[in-house]
Amino acid sequence: MYVLVHDGWHGAWEWADVITWLEQRGGKAVALDLPGHGALYQSEEVPGDYSLSSYAKAVADFVRGQQQLNREIVLVGHGTAGPILQLVGAELVKELAGLIFLGAYILRDGESISEQMPPEMADMLGQMAESRPDARLDMSLLADYWRFNVMSDDARKANEVLAKLAPEPSAPLFEKIKLPQTNAPLLPCAYISFNEDMSLPPGEFHPRMAGKLGAHRHLTVNAGHEGPLTKPRELAEGLIFLGQFGLK
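The shown structure was predicted, so the numbers you read here are calculated from the model rather than taken from an experiment.

Cut-off values and rules
Residues numbered from 1 in each chain as written. Predicted model: local features only at pLDDT ≥ 70, side-chain atom pairs only at ≥ 80, totals over all residues. Heavy atoms only, no water. Helix = DSSP H or I, 4+ residues; strand = E, 2+ residues; numbered from the N terminus. Polar contact = N/O pair within 3.5 Å; in protein donor to acceptor, adjacent residues only side chain to side chain. Contact = heavy atoms within 4.5 Å. Core = buried A, V, L, I, M, F, W, Y, C linked by side-chain atoms within 4.5 Å. Buried < 20%, exposed > 50% of the residue type's maximum accessible area, 1.4 Å probe, protein only. Axes fitted to C-alpha atoms, helices over the stretch in contact; angles between N-to-C directions. Parallel < 35°, antiparallel > 145°, perpendicular 65-115°, else oblique. Left-handed = near helix turned anticlockwise from the far one by under 90°. Nonpolar A, V, L, I, M, F, W, Y, C, P; charged D, E, K, R; others polar. Salt bridge = Lys/Arg side-chain N within 4 Å of Asp/Glu carboxyl O. Pairing = 2+ DSSP bridges. Phe/Tyr/Trp six-rings, centres within 6.5 Å; stacked < 30°, edge-to-face > 60°.

**Focus: the side chain of glutamine 116**
Then step 1. Along the chain, glutamine 116 falls in the loop between β4 (98-102) and α4 (119-130).
Then step 2. Among the polar contacts listed, one links the side chain of glutamine 116 to the backbone oxygen of serine 112, at a separation of 3.1 Å.
Then step 3. A distance of 3.1 Å separates a polar atom in the side chain of glutamine 116 from a polar atom in the side chain of arginine 208.
Then step 4. Not counting residues up to four positions away in its chain, the partners in contact with glutamine 116 are Tyr105, Leu107, Glu111, Leu200, Glu204, Arg208, Met209 and Lys212.

**A few points about the nonpolar core**
Then step 1. In terms of nonpolar packing, the biggest core is built from 57 residues, with Val59, Leu75, Ile84, Val88, Leu96, Phe101 and Trp146 touching the most fellow members.
Then step 2. For phenylalanine 101, the residues in contact, after removing those within four places along its chain, are Gly77, Gly82, Leu85, Gln86, Ile106, Cys189, Ala190, Tyr191, Ile192 and Leu213.

**Thoughts on the packing of helix α5 (residues 143-150) against helix α6 (residues 155-162)**
Then step 1. Remark: α5 packs on α6, axes separated minimally by 10 Å, with the N-to-C direction vectors making an angle of 140 degrees. Taken together, the axes of α5 and α6 are oblique relative to one another. The chirality of how α5 crosses α6 is right-handed. Between α5, through Ala143, Trp146 and Arg147, and α6, the contact on the second element is made entirely by Ala158, Asn159, Val161 and Leu162.
Then step 2. In the contact of α5 with α6, the residues fall into five nonpolar, one polar and one charged.

**Notes on the packing of helix α1 (residues 16-24) against helix α10 (residues 232-246)**
Axis angle and axis distance: for two packed helices, these are the angle between their axes and the distance between the axes, and together they describe the pair.
Then step 1. Viewed as axis vectors pointing N to C, α1 and α10 meet at an angle of 55 degrees, and their least axial separation amounts to 8 Å. With respect to α10, the axis of α1 lies oblique. Of the two elements, α1 crosses α10, and the hand of that crossing is right-handed. Of the residues in α10, those touching α1 at Asp17, Val18, Trp21 and Leu22 are Pro232, Arg233, Leu235, Ala236, Leu239 and Ile240.
Then step 2. In terms of residue class, the contact of α1 with α10 is built from eight nonpolar, no polar and two charged.

**Considerations on the pattern of salt bridges**
Then step 1. Taken as a whole and assessed by the stated rule, the structure comprises twelve salt bridges.
Then step 2. Lysine 57 serves as the salt-bridge partner of aspartate 61, at 2.8 Å between the closest nitrogen and oxygen. Residue aspartate 61 and its partner lysine 57 are both found in helix α2 (residues 52-67); the two are separated by four residues, about one turn of the helix.
Then step 3. A relative accessible area of 38% places aspartate 61 in the partly exposed class.
Then step 4. A salt bridge links arginine 136 to aspartate 134, with the nearest nitrogen and oxygen atoms 3.6 Å apart.
Then step 5. Residue aspartate 134 is classed as buried on the basis of its relative accessible area, which comes to 17%.
Then step 6. Residues joined in a network through salt bridges with shared partners are Arg25, Arg233, Glu234 and Glu237.

**Regarding the sheet that holds strand β8 (residues 217-221)**
Then step 1. Pairing in this open sheet of six strands is parallel, and the strands run β2-β1-β3-β4-β7-β8 from one edge to the other. Every other strand in the sheet has two partners, leaving β2 (29-32) and β8 as the edge strands with one partner each. Here the strands of the sheet are splayed against their neighbours by 20 degrees on average, with no regard to which way each runs.
Then step 2. Both β4 and strand β7 (residues 189-194) contribute to a ladder of four bridges, which runs parallel. Across the sheet, the residue bridging to isoleucine 100 is alanine 190, located in β7.
Then step 3. Here α1 sits on the sheet in contact with β1 (2-5) and β2, set at roughly 165 degrees to β2.
Then step 4. Against the sheet, α2 contacts β1, β2 and β3 (74-78), and its axis sits at roughly 150 degrees relative to β2.

**A few points about the packing of aromatic side chains**
Then step 1. Applying the stated rule across the entire model yields two aromatic pairs.
Then step 2. Note on phenylalanine 241 and phenylalanine 245: the rings are 5.6 Å apart at their centroids and 45 degrees apart in plane angle, and the pair reads as tilted. Of this pair, phenylalanine 241 and phenylalanine 245 are both found in helix α10, four residues apart, which corresponds to roughly one turn of the helix.
Then step 3. Overall, phenylalanine 241 belongs to the partly exposed group, its relative accessible area being 32%.

Quick look at the structure:
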């Protein structure tokens, strides 16, 4: 069974079409909302505990709930969910069948997501966070970047999805991750890259960040960064393949 963890600004809703295709091919999958996202979104007047560790705890608790149903779990994470998978994988190393990263950030101990971005992008996000009382990042203020870099492979759908994105807590993007002594994953890992991904300069997600995983399987999907929304069938087929053959 696949447990699907969404990217920043998103919620469990980003996986709806992927789940449909997985189920049509005999797979089982569930998606969850991270704290403060999707159905768990809270207005700026309500403070929340938004950190990589709190996200990882929520995912670990969710995984344990699925395992009570005697299900073997492959954990899948998109974009900024990459470091969350790293933390959960280290904690649940004996309880998971593997980890699959999709166009995801991968960190070494002491690194942050923002440090993997071009400096001008990280600086801009920092300024955006400082401009709001709740320090959240509103993607609608970066609409052109969204249309031309993040979801450039489906311009017709870009505005529709942009309207669904909730302001993102900024703290996890600047938080330096605390990983166990070894950075090498103890679980079987795979990385799916999107060969039309323009959200970061070419080569940043794969091979640079993916290379931090050490030995791993690699697949490519012809999509932009929002592959779960623009190419759900192709992505589902990649997940099925890796779940059956690539994580053994």
